[in-house]
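Residue-level structure breakdown
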Amino acid sequence: MSSMVIGQQLRARISIKNKIFSIYLLALLLLALCPPLYLSVSGSSALFLGIPLPIIYWLAIAVFLGIGLWVMYLAECAFGEIPQDEEVS
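**Quick word on a nonpolar patch on the surface**
A contiguous nonpolar patch, built from Val-63, Phe-64, Ile-67, Trp-70, Val-71, Tyr-73 and Leu-74 and spanning about 700 Å² of accessible area, is present on the exposed surface. Mapped onto the elements of the fold, Tyr-73 is located in helix α3 (residues 53-79).

**Section: the pattern of salt bridges**
Per the stated rule, a full pass over the model turns up one salt bridge. Residue Lys-17 pairs with Glu-76 through a salt bridge whose shortest N-O separation is 3.7 Å. One end of the pair, Lys-17, is in helix α1 (residues 3-33); the other, Glu-76, is in helix α3, with 59 residues separating them in the sequence. Exposure remark for Lys-17: the relative accessible area of 9% places this residue in the buried category.

**Looking at the packing of helix α2 (residues 35-42) against α3**
Contact geometry of α2 with α3 gives a least axis separation of 8 Å together with a crossing angle of 140 degrees. Each of Leu-37, Tyr-38, Val-41 and Ser-42 in α2 lies in contact with α3, whose residues at this interface are Leu-53, Pro-54, Tyr-57 and Trp-58. Broken down by class, the residue content of the contact of α2 with α3 amounts to seven nonpolar, one polar and no charged.

The rules behind each value
- Residues numbered from 1 in each chain as written.
- Predicted model: local features only at pLDDT ≥ 70, side-chain atom pairs only at ≥ 80, totals over all residues.
- Heavy atoms only, no water.
- Patch = residues over 30% accessible without salt bridge, like charges linked within 9 Å, V, L, I, M, F, W, Y side chains within 5 Å.
- Areas by Shrake-Rupley, 256 points an atom, 1.4 Å probe, with all protein chains shown as cover.
- Salt bridge = Lys/Arg side-chain N within 4 Å of Asp/Glu carboxyl O.
- Helix = DSSP H or I, 4+ residues; strand = E, 2+ residues; numbered from the N terminus.
- Buried < 20%, exposed > 50% of the residue type's maximum accessible area, 1.4 Å probe, protein only.
- Axes fitted to C-alpha atoms, helices over the stretch in contact; angles between N-to-C directions.
- Contact = heavy atoms within 4.5 Å.
- Nonpolar A, V, L, I, M, F, W, Y, C, P; charged D, E, K, R; others polar.

And the structure:
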């Protein structure tokens, strides 16, 4: 297979990866900014592990964002998009 075809396949995979990550970030953005979702839990006095439910809502969004960024980093490492660190002499 020529290197041109391999390069096109790699670009297509990277494009799909970027689209999936964009949809994931959009879903988290909607969770963070969509008032009906937050207002449905904001008046709740229920506790989850001793933490009020509205705080769990925001912590869950932050945790999912962190997991998404970690997965994106792993995917970029697998595709070779992140350059290796060079030692300074």
